[in-house]
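Below, each chain spelled out in residue letters.
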Amino acid sequence: QVMADISQLLGEDGGHYLHDNRILTDNALLHQQHWSERLGAYADYGNHTHNTALEWVRPRAAPGQDPRSLPPPQLIRIVRKPPRLQYVGALGYVSFFPFFLQVLNPSAPHLGRLLDHIRDSDKVWTPYGIRSLSKSSPLYLQRNTEHDAPYWRGPVWINMNYLAVRALYLYSHMEGPHKDRLASLYRELRQNLLANLYRQYKDT
């Protein structure tokens, strides 16, 4: 939509941007392509496997090679089961993007379930802001590789929480079945974020 607006301001044809925008904001397509009933939320879809692990691998010496010359063991990501086409079953920021980015209709049938997840302290809700990944996920605070810390597997990110607060505020001013609940969640999350930011400011 932004690109279409810019095209219009420049007097250029932004029709292809409008076309893409219509597809990307089509709630029926969104539900069809990305709603995972098992997860109870939106999910990425593609070649994916849940069966991976980090394991220490010690290099083997070649015949006649001095074992002392080998490099130290390394943590290697092992794929125990090959990827297949499926939903990525991890509840986190990506699950809420249709809401955070205000693509969802305020009367969308799945909005209530998303709000349930957001407010669940066993999932993404904390006194500091919304976690990047559900606490109940087996990937929670787990590294992807030895040198890839779990930045998006639990920690609270202010940029995503800003999108959450903005969406809660805007949806709470739209007519829909969750209007009062959205307003309440907006006030609570806003207070948590401001209190946390102030604490961090004082500490640092």
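Everything that follows concerns the structure shown earlier in this document.
Presented here is an overview of the structure given in this document. All values reported here derive from a predicted model rather than from experimental measurement. (Residues numbered from 1 in each chain as written. Predicted model: local features only at pLDDT ≥ 70, side-chain atom pairs only at ≥ 80, totals over all residues. Heavy atoms only, no water.)

**Regarding the overall build of the protein**
Selection rule: Only DSSP runs of H or I covering at least 4 residues are called helices, and only runs of E covering at least 2 are called strands; the numbering of each starts at the N terminus. Atoms counted for the radius of gyration: C-alpha only. Globule rule: 2.2 Å times the number of residues to the power 0.38. A 1.4 Å probe rolled over the protein chains alone gives each residue an accessible area, and that area as a share of the maximum for its type sets the label: buried under 20%, exposed over 50%, partly exposed in between. For this analysis, residues touch if any pair of their heavy atoms sits within 4.5 Å. Computed with the Shrake-Rupley method and a 1.4 Å probe, the accessible areas treat only the protein chains shown as cover for residues. For the purpose of counting charges, residues Lys and Arg are taken to be positive, whereas Asp and Glu are taken to be negative. His and the chain ends are not included. Think of each charge as sitting on NZ of Lys, CZ of Arg, CG of Asp or CD of Glu.
Broken down by element type, the protein carries seven helices and eight strands. Whereas a compact globule of 204 residues would reach a radius of gyration of roughly 17 Å, the protein reaches 22 Å, over 25% beyond that. Looking at the protein as a whole, 34% of its 204 residues qualify as buried. In the protein, 60% of the contacts between residues at least 6 apart in sequence involve partners at least 24 apart. Entry remark: accessible area of the protein is about 13200 Å², with carbon and sulfur atoms responsible for 55%. Side chains of the protein give 23 positive and 18 negative charges; the mean places of these two sets differ by 9 Å.

**As for the packing of aromatic side chains**
Selection criterion: Side-chain rings of Phe, Tyr and Trp, where Trp is taken by its six-membered ring, are said to pair if the distance between their centres is within 6.5 Å; with planes under 30 degrees apart they count as stacked, over 60 as edge-to-face, and otherwise as tilted.
Under the defined criterion, the tally for this structure stands at eight aromatic pairs. Between Phe96 and Phe100, the aromatic rings sit 5.8 Å apart at their centres with planes inclined by 35 degrees, giving tilted as the arrangement. In this pair, Phe96 and Phe100 are both assigned in helix 4 (residues 93-100), four residues apart and thus about one turn of the helix distant. Measuring from ring centre to ring centre gives 4.9 Å for Phe99 and Tyr171, while their planes differ by 45 degrees; the resulting arrangement is tilted. In this pair, Phe99 sits in helix 4 while Tyr171 sits in helix 6 (residues 158-171), placing the two residues 72 residues apart along the sequence. By relative accessible area, which is 0% here, Phe99 ends up buried. On the basis of relative accessible area, Tyr171 is assigned to the buried category, the value being 1%. By way of ring pairs, the aromatic residues Phe96, Phe99, Phe100 and Tyr171 are connected into one cluster.

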